[in-house]
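# Chains, contacts and geometry: an overview
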Amino acid sequence: MIVEDAQLTSFVPRLDAQFRARCMQALRQRGRWSEDRLERAVDTALERARELGLAEERSVLAYILLATDIVLARPEEHIVRSVEAILAEVALPEWQRVRLAGDYFRQFQQVAA
């Protein structure tokens, strides 16, 4: 069975909408935000994930959750810049970048606690 690109792209909008809904549900479970704020946060995070070259659903969702944790924690600027540098390191597989960035961020959160 051969699937042509045109056939595959016909499914993309629906799949993107389903994934966006799953991302919103994941954030909804972490806090109480208005729907408008939740939608803007997810859309902004999805766009940023694309800019970082994140394409795997698990990496994108992990990034969205990490980004939310960072925004809520309001860490010092050097921590944010370091996390962004890890996420932008294209020499590493995307899942590894997200995991390393999360570990780095949590390390500083434990020290601050």
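See the structure printed just above.
Reference entry: report on the structure contained in this document.

Cut-offs applied
Residues numbered from 1 in each chain as written. Predicted model: local features only at pLDDT ≥ 70, side-chain atom pairs only at ≥ 80, totals over all residues. Heavy atoms only, no water. Helix = DSSP H or I, 4+ residues; strand = E, 2+ residues; numbered from the N terminus. Buried < 20%, exposed > 50% of the residue type's maximum accessible area, 1.4 Å probe, protein only. Axes fitted to C-alpha atoms, helices over the stretch in contact; angles between N-to-C directions. Parallel < 35°, antiparallel > 145°, perpendicular 65-115°, else oblique. Left-handed = near helix turned anticlockwise from the far one by under 90°. Contact = heavy atoms within 4.5 Å. Nonpolar A, V, L, I, M, F, W, Y, C, P; charged D, E, K, R; others polar. Core = buried A, V, L, I, M, F, W, Y, C linked by side-chain atoms within 4.5 Å. Salt bridge = Lys/Arg side-chain N within 4 Å of Asp/Glu carboxyl O. Lys, Arg positive; Asp, Glu negative; His and termini not counted. Polar contact = N/O pair within 3.5 Å; in protein donor to acceptor, adjacent residues only side chain to side chain.

Moving on, we come to the side chain of T68. One can find T68 in helix α4 (residues 57-73). The exposure class of T68 is buried, given its relative accessible area of 13%.

Axis separation between helix α3 (residues 35-51) and α4 bottoms out at 10 Å; the angle between their running directions is 125°. Our classification of the angle between α3 and α4 gives oblique. The handedness of the crossing between α3 and α4 is right-handed. The residues of α4 that touch α3, namely those facing A45, L46, R48 and A49, are V60, Y63 and I64. In the contact of α3 with α4, the residues fall into six nonpolar, no polar and one charged.

All right, on to the nonpolar core then. Formed by 25 residues in total, the largest nonpolar core has its most connected members in L46, L54, V60, Y63, I64, V83 and L87. Of all elements in the fold, only α2 (12-28), α3, α4, α5 (77-87) and α6 (94-112) reach the threshold of two or more residues within this core. The element that contributes the greatest number of residues to this core is α4, accounting for six residues.

This structure, assessed with the given rule, holds eight salt bridges. Ionic pairing is found between E35 and R28, a salt bridge with its closest N-O pair at 3.0 Å. For R28, a relative accessible area of 33% corresponds to the partly exposed category. The residue R48 makes a salt bridge to E51 at a minimum N-O spacing of 3.3 Å. Of this pair, R48 and E51 both sit in helix α3, three residues apart, which is roughly one turn of the helix. Judged by relative accessible area, R48 falls into the partly exposed class, the value being 29%.

Moving on, we come to the side chain of R97. By secondary structure assignment, the location of R97 is in helix α6. Summary of buried charges: R97 has no salt-bridge partner, and the nearest side chain of opposite charge, E94, is 4.9 Å away. A polar side-chain atom of R97 sits 2.9 Å from the main-chain carbonyl oxygen of L52. Not counting chain neighbours up to four residues away, the residues in contact with R97 comprise L52, G53, L54, I86, L87, A88, E89, V90 and L92.

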